[in-house]
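Structure assessment
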Amino acid sequence: MSCFEGRVKELGSVSIDCFQYSNLQSTVYFLSHCHSDHMGGLRSEAFLKRLGISNDIYLYCSEITRLILSAENTFSEVLHKIKDLPLGASNIVPIPDRDGFVDDVTVTLIPTGHCPGAVMFLFEGRVGRILYTGDFRLSKGDTPKFRQLHYLDGTVKTIDKLYLDTTFLSYQYKEFPSRIDSFDIMCYHITSWLDDSDDNHVYIQTPAKYGSEALFIAVAKRLGSKVHVKETAYDIYKNVAEIREAVTFDSFSTRIHCCEPLKPTYRKDGDKLWMPCIGKWCNVRFIRPCAMTFKSGIYNGSLESAVLKANGQELIRICYSCHCSLRELEDFIKYLKPKQIEACVLPPGMADTNIMQLLEEVSTWDNSSERPVLTIPSRNMKRVTHAENITFCSDVATKKVVVKTEISSDAMFVEDDIAQAEDDDDVISDSQKEICRLVAEDLMPKSGDSDADIRQSISATFLENVIQLKKSVPSSKQNDQHYQFIPGTGTMEYD
């Protein structure tokens, strides 16, 4: 779950993967991919107004990400402000500040192997070279293959700041099987089940709305059978040639499904399960590609340990990750040798000091006295991804209280404790929330306003500060620092 707050400090007016609160004052936006923990505020009226009424403000993303967004009516009126950039090319993007000064920055999109359209952003300009990974999965030895990360003579570019996906920065997830191994395992279990009986079907339980398309492609190529998906997904996939050849909306043309949600408990006719998409009772094997279940105590590097069976033959979990394992992260970091690293995810169940120490371990390379400056986000900055909830945090430097709320249902991971309010004091009434929202929206500038910049600034500031008029943050919550590791000392300082 991303903890990145959006603002790229080195670039001033640029926000990535967060489109709410102070990010509404940015002048350029980037979206790495379409998973909800990277889309906070993207569908909000405040952001859509910001994008729609400002002539020189755009959202940049990959072509496939734009296709996904264009399928939603939400973005129909601002599609002309969503620009897709080609993969691998050097794109000049103007970044205006609020005073009218424009700084041209070179932006390169690099595929991440996470989900359709997912990219890293490499920024190059007078502020240096900044790499934002978004969510990514690169196997060991993959990084040298990207020419965009190298100078013309083949040497590695100097990365001044690396914003890093640290989802599996943990000894619990040292290794994952390669994608090819995971494909082999999945295809074996699908084939063995389908060959047993013509009445057998397979249902693939994916961990997120998008991200398992590489599995569909592997299944279709190896088994010669497409995967049945629901209509809304097919409407997007049909625009992407490689995925289009792997999926179908015809539920009767295949026995491999990833359509409307089914559960192994929905069995009422002996061992058979009702399949609504084909209107009959069937023997169904559930295949669940996942990563978080396969900790180091379960997955030991063997193909046998990459499979877990539950309830006899009803459910099979297969180790498959769209994020780097610990060793893959280490390989990536040690190849690039960045000057600074900011972790964008706090691995669950780890203390901040342990995260920092492990980050230092994987950021240490031989024959060099240089060590990167390491930073992790505050643990108080939470994102709610499966309900509408409110989390308070306090900014120590400015003494401002920020209320964060987000509505979404397509989280990459849903942890049971993410959306729980920790104290009764952390909850405000619906009426208070509505008042805050209405006042902030009323202050948003309208088209043609001569004081648009002033109104925008006041609106954003009010949205962030008005709650302190109603509530005070418990003292236990007033600790919203960023931690910074001092290389070689084993200690941390607060920003």
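Our structure's up above, just so we're on the same page.
An account of the accompanying structure is given in this report. (Residues numbered from 1 in each chain as written. Predicted model: local features only at pLDDT ≥ 70, side-chain atom pairs only at ≥ 80, totals over all residues. Heavy atoms only, no water.)

Observations regarding the overall build of the protein
Broken down by element type, the protein carries 10 helices and 24 strands. Looking at the protein as a whole, 53% of its 495 residues qualify as buried. Contacts spanning at least 24 positions in sequence make up 65% of the contacts within the protein whose residues lie at least 6 apart. Split by element, the accessible area of the protein, about 22000 Å² in all, is 49% carbon and sulfur. (Helix = DSSP H or I, 4+ residues; strand = E, 2+ residues; numbered from the N terminus. Buried < 20%, exposed > 50% of the residue type's maximum accessible area, 1.4 Å probe, protein only. Contact = heavy atoms within 4.5 Å. Areas by Shrake-Rupley, 256 points an atom, 1.4 Å probe, with all protein chains shown as cover.)

Overview of the environment of Thr27
Mapped onto the elements of the fold, Thr27 is located in the loop between strand S1 (14–16) and strand S2 (28–30). We classify Thr27 as buried; its relative accessible area is 6%. Linking Thr27 and Gly12, residues 15 residues apart in sequence, is a C-alpha distance of 9.2 Å. Ignoring anything within four residues of it in the chain, the contact list for Thr27 reads Ser13, Arg50, Asp56, Ile57, Tyr58, Ile95, Pro96, Asp97 and Arg98. A polar atom in the side chain of Thr27 sits 2.3 Å from the backbone oxygen of Pro96. (Polar contact = N/O pair within 3.5 Å; in protein donor to acceptor, adjacent residues only side chain to side chain.)

With respect to the pairing of strand S15 (residues 272–275)
Note on strand geometry: in a regular strand, side chains alternate between the two faces of the sheet. Judged by which residues are buried, S15 turns out to be one-sided: Leu273 and Met275 face inward and are buried, whereas Lys272 and Trp274, on the alternate face, are not. Two elements, S15 and strand S16 (residues 280–290), share 3 bridges in a ladder whose sense is antiparallel. Of the residues in S16, the one forming a bridge with Met275 is Lys280. Counting the residues that bridge the hairpin from S15 to S16 gives 4 residues, and of these Gly279 lies at a positive phi of roughly 65°. (Pairing = 2+ DSSP bridges.)

Here we look at the packing of aromatic side chains
Aromatic ring pairs are described here by two measures, namely the spacing of the ring centres and the angle between the planes. By the definition in use, this model includes 18 aromatic pairs. Ring geometry for Phe4 against Tyr163: centres 5.3 Å apart, planes inclined by 65°, an arrangement best described as edge-to-face. With a gap of 159 residues between them, Phe4 in the segment before S1 and Tyr163 in strand S9 (residues 161–164) connect regions that are remote in the sequence. Residue Phe4 is classed as buried on the basis of its relative accessible area of 4%. (Phe/Tyr/Trp six-rings, centres within 6.5 Å; stacked < 30°, edge-to-face > 60°.)

Examining the sheet that holds strand S3 (residues 58–61)
Pairing is parallel in the open sheet, where 4 strands are placed in the order S1-S2-S3-S4. Unpaired on one side and paired on the other, S1 and strand S4 (82–84) mark the two borders of the sheet. Between one strand axis and the next, the sheet turns through 25° on average, direction left out of account. Where S3 and S4 come together, 3 bridges link them in parallel fashion. When the sheet's bridge partners are listed, Tyr60 is paired in S4 with Lys83. (Axes fitted to C-alpha atoms, helices over the stretch in contact; angles between N-to-C directions.)

Details of the state of the cysteines
Summed over all chains, the structure comprises 0 disulfides. Not engaged in a disulfide, the cysteine Cys322 finds its nearest cysteine sulfur in Cys115; these two sulfurs lie 7.6 Å apart. Cys322 sits in the buried class, given a relative accessible area of 7%. Of the cysteine sulfurs around Cys344, a residue in no disulfide, the closest is that of Cys3, at 8.7 Å. Overall, Cys344 belongs to the buried group, its relative accessible area being 6%. (Disulfide = S-S within 2.5 Å.)

Points about the pairing of S16
The element S16 is largely enclosed, with a buried count of 8 among its 11 residues. As paired elements, strand S10 (residues 200–204) and S16 share 5 bridges and run parallel to each other. If you follow Ile204 over to S16, its bridge partner there is Ile287. Sheet analysis places S16 next to strand S18 (residues 315–319), joined by 5 bridges and oriented parallel. For Ile287, the partnering residue across the bridge sits in S18 and is Ile316.

Considerations on the packing of helix H7 (residues 326–336) against helix H8 (residues 352–362)
When two helices pack together, their arrangement is captured by the angle between the axes and the distance separating the axes. Closest axis-to-axis distance for the H7/H8 pair is 9 Å, and the angle between their directions is 55°. If you check the angle between H7 and H8, you find them oblique. For the pair H7 and H8, the contacting residues are Leu326, Arg327, Glu330, Ile333 and Lys334 in the first and Leu358, Leu359, Glu361 and Val362 in the second. A breakdown of the residues in the contact of H7 with H8 according to their chemical character gives 5 nonpolar, no polar and 4 charged. (Parallel < 35°, antiparallel > 145°, perpendicular 65-115°, else oblique. Nonpolar A, V, L, I, M, F, W, Y, C, P; charged D, E, K, R; others polar.)

A look at unusual backbone geometry
A positive phi angle is found at Asp17, which is not glycine, with a value near 60°. Of the residues examined, Asp17 reaches a relative accessible area of 1% and is grouped as buried. With phi around 50°, Lys337 is a residue other than glycine that occupies positive phi space.

Side note on the environment of Gln205
Position of Gln205 relative to the elements: it lies in the loop between S10 and helix H4 (213–223). Gln205 gets classed as buried once you look at its relative accessible area, which sits at 12%. The spacing of Gln205 and Pro261 is 56 residues in sequence and 7.9 Å in space, taken between C-alpha atoms. A polar contact is formed between the side chain of Gln205 and the backbone oxygen of Leu262, at a distance of 3.4 Å. Among the polar contacts made by the side chain of Gln205, one reaches the side chain of Arg288 at a distance of 2.8 Å.

Observations concerning H7
Most of H7 is tucked away: 8 of the 11 residues are buried. For H7, the set of buried residues is Leu326, Arg327, Glu328, Leu329, Glu330, Phe332, Ile333 and Leu336. Those residues of H7 that are buried lie in contact with strand S7 (119–125), strand S8 (128–132), S9, strand S19 (340–343) and H8. Positioned one or two residues after H7, Lys337 has a phi angle of 50°, which is positive.

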